[in-house]
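Per-entry structural report
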Amino acid sequence: EKEEKSFLGKSANIALAYIIMVIWTAGVVSFYGWLFATDSWNPFGQFTAFKHPFLIQLFLSCIAAPLWEELVFRKFPIDIAKATGKKELMLPIVLFSSIIFGLGHEGVPSLLIQGVGGFIMSCLYIKNGYSYWSSVTLHFLWNFSLLTGALSI
């Protein structure tokens with residue numbers, strides 16, 4: 001896009017940006033008021049109780065975690081291994097990534113569940129043509145099953 005040079009044009013851009021910031025901030029404040037157990041939101045304070053703890057847990061474990069963890073523990077390491085062109089690096093990288101994934105959850109005791117689960121998601125990622133969304137979907141389904149009690153382990 002072309003750069004604005006006139007004073008009037010620059011002023012209009014400032015005004016528009018200001019309006020966008022006001023609307024955005026009002027939306028965030030309203031959302032926080034709905035989400036947290038406070039009557040008003042203080043951006044310099046802390047929230048002590050949630051109005052919707054299940055929704056927060058659902059978002060964190062079923063949306064944020066699969067998106068982030070599949071990127072960090074599957075996509076990045078496996079794509080780097082693939083890019084080297086050395087197939088003999090794939091298994092050690094997948095194993096290392098799966099171990100770190102398991103340790104990152106509950107430490108050593110979680111290696112047999114989350115570590116092996118990470119290995120399975122890595123295999124799915126590779127088997128489905130290096131598909132990020134395949135492993136994200138499996139991760140979502142697993143976490144959702146645990147969160148809702150559909151899979152009582």
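What you are looking at is a predicted structure, and each value in this text was computed from that prediction instead of being measured.

At a minimum axis separation of 10 Å, helix α2 (residues 53-84) and helix α4 (residues 114-127) run at an interaxial angle of 50°. Looking at the two axes, α2 sits oblique to α4. Viewed along their axes, α2 and α4 form a crossing whose handedness is right-handed. When α2 is examined against α4, the residues E70, F73, R74, K75, I78 and D79 are found in contact with a partner set consisting of G118, M121, S122, Y125 and I126. Tallied by class, residues from the contact of α2 with α4 come to five nonpolar, two polar and four charged.

With that out of the way, let us pick up the nonpolar core. Of all hydrophobic cores here, the largest spans seven residues; its members are I78, A81, M90, V94, Y125, Y132 and V136. Setting aside residues no more than four positions away along its own chain, V94 makes contact with I78, F119, S122 and I126.

Moving on to the packing of aromatic side chains. Applying the stated criterion across every chain, the model contains four aromatic pairs. When the centroid spacing of 4.9 Å and the interplanar angle of 70° are considered together, the rings of Y132 and W133 count as edge-to-face. Given a relative accessible area of 14%, Y132 falls into the buried group. When the centroid spacing of 5.6 Å and the interplanar angle of 20° are considered together, the rings of F140 and F144 count as stacked. Taken together, the positions of F140 and F144, both in helix α5 (residues 132-148) and four residues apart, correspond to about one turn of that helix. Residue classification places F140 among the partly exposed positions, given a relative accessible area of 29%. Its end group placed over the ring of Y130, K82 keeps NZ or CZ at 4.1 Å from the ring centre.

Conventions we followed
Residues numbered from 1 in each chain as written. Predicted model: local features only at pLDDT ≥ 70, side-chain atom pairs only at ≥ 80, totals over all residues. Heavy atoms only, no water. Axes fitted to C-alpha atoms, helices over the stretch in contact; angles between N-to-C directions. Helix = DSSP H or I, 4+ residues; strand = E, 2+ residues; numbered from the N terminus. Parallel < 35°, antiparallel > 145°, perpendicular 65-115°, else oblique. Left-handed = near helix turned anticlockwise from the far one by under 90°. Contact = heavy atoms within 4.5 Å. Nonpolar A, V, L, I, M, F, W, Y, C, P; charged D, E, K, R; others polar. Core = buried A, V, L, I, M, F, W, Y, C linked by side-chain atoms within 4.5 Å. Buried < 20%, exposed > 50% of the residue type's maximum accessible area, 1.4 Å probe, protein only. Phe/Tyr/Trp six-rings, centres within 6.5 Å; stacked < 30°, edge-to-face > 60°. Lys NZ or Arg CZ within 6 Å of the ring centre and 35° of its normal.

These figures come from the coordinates and say nothing about function on their own.
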